[in-house]
Amino acid sequence: MQDRVQSVASEATILVRLLPPGGDGFQDPFAELEGLAKTAGARVVGRLSQQRERPHPATYLGKGKVEELEQLVKHHDADAVLFDNDLAPAQTRNLEKALDVKVLDRTEVILDIFSTHAQTIESRLAVELAQLEYALPRLKRMWTHLSRLKMGIGMRGPGEKQLETDRRLVEKRIHDLRTQLGEFERRKERQVSGRRGFMSISLVGYTNAGKSTLMNAMTAADVVVEDKLFATLDTRTRRWQLPNWGPVLLSDTVGFIRDLPHSLIASFKATLEETRQADLLLHVADASNPEVYEQIAAVYSVLEELGVEAKDTLLVLNKVDAEGAADRVHSLLNRYPHAIAISAKEKQGISELAHAVSAALSRSFQDVDVETSVSNGKLMAYMAAHGEVLSKRYSEERVIMHCRIPEAYLNRIQDDEDVSIRRRDTPCNIVGNEDSTSDDSPPDTIEEVA
Ligand SMILES: Nc1nc2c(ncn2[C@@H]2O[C@H](COP(=O)(O)OP(=O)(O)OP(=O)(O)O)[C@@H](O)[C@H]2O)c(=O)[nH]1
Ligand SMILES: [Mg+2]
């Protein structure tokens, strides 16, 4: 089952896009696809686009365009053709027959990149699951492809019986992988909720926007930064000493892309757990990219798919130092007036960002009376560490503390039997806790162990 998804590594590849009539308005409609192809190791030798209302049902491109593509393949002696759009299994089959080279679609190349970048057992399993789910409806084509390689064109493919056996094997493996990943998910959920004593912030954003660079700039973490798509596949969580606030947890995670395959989002559920449980999202966007508006929209749609679109989110416009970014930042700020412009690489704007993060976190401060028994030292330390204790009143064995504390911290104690909470009024705006000296501060490094 090695060749479950094809690869374009070091192949001479032609890029193909179907555009809406009038084009899609991008300066270079092939920029992202080329980025994907190069990250996957391909050598791009040609490009072809067609403006069409709807794809041709059998061959995706119209008849004339397929012939043009065939000529282009011959001319460049290409090994593969990469489509920016997802192809139906039959369309791929027909195109491979007509062109006599490998035909890949966007999902396939994304899966290929993920599989080479996956480092931990968990992300390897997640990628394998997504690959098999992609391959299952296409097994016949994969077999034909393999047999063509091994036996030459025109030879008979494997019998239906063999195909059926393979299908069952793949289905069984998919089932096993789902079970294993389900265990990872549950473990991860426990792990993340076990750290609920601290506010957590998750970096999200389009791939290559600079999330890992920002993580390094803020926490002196040492996460991989590369001018490649999907350099990060696993979540890293680090402690960030937030000025005017105290320690919080910051997580870097896998980047998003337009039309991210659904099966991939599903299989990376455990990895995205930090994002789901975060108190605040930092949405990092690459202000130097002409497609930044579309990228921001794509990220919002993935967040929606994860069910976290309602979370507090701060938009961070990164790479303001890069060429052409300045003008764009201006118009971006018109559209998103609360966004913060920074350069993670040059460490510009980091303190403004930190300030905006503290302000966002403190927006949720609540004015409350918290009552507990006088012997509950743990709770008193918790309130002092995460909020402001304004006064204490004692009555027999009970103590009532008047506190201001973020909603999220309050939520974490409301199920405690020894605690009763009475809200005084509406949220108040206080940035507190500058010199928090909590004993149970989080570790500097929280490695996700697979
Ligand atoms: N000019 C400039 N380049 C930056 C900046 N921040 C990041 N980069 C570059 O952008 C590229 C991607 O950075 P990463 O931090 O790996 O991006 P990422 O969002 O973590 O990407 P993935 O993990 O692949 O999703 C690298 O080449 C960085 O050096 C910045 O502020 N200015
Ligand atoms: Mg990264």
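The text that follows walks through the structure, step by step, so that each part is easy to find. Because the structure is predicted, anything quoted here is derived from the model rather than measured.

Turning our eyes to something else, we now look at the overall build of the protein. A tally of helices and strands in the protein yields 15 helices and 15 strands. When the 450 residues of the protein are sorted by exposure, 52% land in the buried category. Of the accessible surface of the protein, which amounts to about 21200 Å², a share of 48% is contributed by carbon and sulfur atoms.

As a further point, take the site of ligand 1. If you check the shell around ligand 1, you find 23 residues, and the closest are K211, T213, A231, T232 and D321. Here K228 contributes a backbone N or O atom positioned 3.3 Å from an oxygen atom of ligand 1. Between ligand 1 and K345 there is a distance of 3.1 Å, counted from an oxygen atom to a backbone nitrogen or oxygen. Its free accessible area being 670 Å², ligand 1 has 92% of it covered by the protein chains. Comparing atom positions with the cavity grids shows ligand 1 to sit within the largest pocket. Sorting elements by how many residues they give to the shell around ligand 1 places helix α8 (residues 211-219) first, with three residues. Considered class by class, the residues forming the shell around ligand 1 number seven nonpolar, nine polar and seven charged.

With that out of the way, let us pick up the side chain of E34. In this structure, E34 sits in helix α1 (residues 31-39). Setting aside chain neighbours within four positions, we find E34 in contact with L15, V44 and R47.

The magnesium ion (ligand 2) binds to the protein through S212 (OG) and T232 (OG1), with metal-donor distances spanning 2.0 to 2.1 Å. Of this pair, S212 sits in helix α8 while T232 sits in the loop between α8 and β6 (236-242), placing them 20 residues apart in sequence.

This next bit is on the nonpolar core. Ranked by internal contacts, the top residues of the largest apolar core, which has 52 residues, are L36, F114, F230 and F256. Among the elements of the structure, α1, β3 (80-83), α4 (106-117), α5 (121-135), α7 (160-193), α9 (262-267) and α11 (292-305) are those that each provide at least two residues to this core. No other element matches the seven residues that α5 contributes to this core. Residues within four places of F256 in sequence aside, it is in contact with V204, G205, Y206, T207, L272, V299, V302, L303 and L306. If you look at the next biggest cluster of nonpolar residues, it comprises 45 residues, including V223, I340, L379 and V399.

As summarised here, the arrangement of the four strands in space is β12-β13-β11-β14, forming an open sheet in which the pairing is antiparallel. The open sheet is flanked by β12 (388-395) and β14 (420-423), the only strands paired with a single partner. Strand-to-strand twist of the sheet, defined as the mean angle between neighbouring strand axes without regard to direction, takes the value 25°. The sheet contacts of helix α14 (residues 377-386) involve β11 (365-373), β12 and β13 (398-406), and relative to β13 the element is tilted by about 25°.

Within a regular beta strand, the side chains point alternately toward one face of the sheet and then the other, so they alternate between its two faces. The buried fraction of strand β7 (residues 246-252) amounts to seven of the seven residues, a majority that puts the element mostly inside the structure. With three bridges connecting them, strand β5 (residues 200-205) and β7 associate as parallel partners. Looking at the pairing, S202 lines up with S251 of β7. Here β6 runs beside β7; their pairing, made up of seven bridges, is antiparallel. Residue pairing in the sheet places T237 in a bridge with S251 of β7. Counting the residues in the hairpin turn of β6 and β7 gives three residues, including N244, whose phi is positive at 65°.

The four strands are arranged β2-β1-β3-β4 in an open sheet whose pairing can be described as parallel. Looking at strand neighbours, the two that pair on one side only are β2 (43-51) and β4 (102-104), the edges of this open sheet. Across this sheet, the average inter-strand angle for adjacent strands is 20°, counted without regard to direction. Direction of pairing for strand β1 (residues 12-19) relative to β2: parallel, over a ladder of eight bridges. The residue of β2 that forms the bridge with L19 is Q51. This element, helix α2 (residues 63-76), spans β1, β2 and β3 of the sheet and lies at about 165° to β2.

The next point concerns α4. The first and last C-alpha atoms of α4 sit 17 Å apart over 12 residues, in line with the 16 Å expected at 1.5 Å per residue. Within α4, 10 of the 12 residues are buried, which leaves the element mostly enclosed by the surrounding structure. Of the positions making up α4, those classed as buried are R106, T107, E108, V109, I110, L111, D112, I113, F114 and H117.

Taken as a whole, the largest pocket holds about 910 Å³ of empty space. Lining of the largest pocket is provided by 39 residues; of these, N208, A209, D227, D286 and K319 occupy positions nearest its centre. Elements with a minimum of two residues in the lining of the largest pocket: α1 and α8. If one sorts the elements of the lining of the largest pocket by residue count, α1 sits on top with four residues. Partitioning the lining of the largest pocket into residue classes produces 12 nonpolar, 16 polar and 11 charged. Per-domain counts for the lining of the largest pocket show at least three residues from each of domain 1 (12-116) and domain 2 (197-361).

At D77, a residue that is not glycine, the phi angle is positive and equals roughly 50°. Position of D77 among the secondary structure elements: in the loop between α2 and β3. The backbone of D100 sits at a positive phi, close to 65°, despite the residue not being glycine. Within the secondary structure, D100 sits in the loop between α3 (89-99) and β4. The class for D100 is partly exposed, based on a relative accessible area of 45%.

The rules behind each value
- Residues numbered from 1 in each chain as written.
- Chains lettered and ligands numbered in written order.
- Predicted model: local features only at pLDDT ≥ 70, side-chain atom pairs only at ≥ 80, totals over all residues.
- Heavy atoms only, no water.
- Helix = DSSP H or I, 4+ residues; strand = E, 2+ residues; numbered from the N terminus.
- Buried < 20%, exposed > 50% of the residue type's maximum accessible area, 1.4 Å probe, protein only.
- Areas by Shrake-Rupley, 256 points an atom, 1.4 Å probe, with all protein chains shown as cover.
- Near = heavy atom within 4 Å.
- Polar contact = N/O pair within 3.5 Å; in protein donor to acceptor, adjacent residues only side chain to side chain.
- 1 Å grid on protein atoms, 1.4 Å probe; cavity = no way out; pocket = protein on both sides within 12 Å on 5 of 7 lines; lining within 4 Å.
- Sits in = over half its atoms within 2 Å of the grid points.
- Nonpolar A, V, L, I, M, F, W, Y, C, P; charged D, E, K, R; others polar.
- Contact = heavy atoms within 4.5 Å.
- Donors = N, O, S within 2.8 Å, 3.2 Å for Na, K, Ca; no water.
- Core = buried A, V, L, I, M, F, W, Y, C linked by side-chain atoms within 4.5 Å.
- Pairing = 2+ DSSP bridges.
- Axes fitted to C-alpha atoms, helices over the stretch in contact; angles between N-to-C directions.
- Expected span 1.5 Å × (residues − 1).
- Points joined across faces, edges and corners; volume = space filled by probe spheres on them.
- Domains from an automatic or database assignment.

Geometric descriptors of this kind do not, in isolation, establish any biological role.
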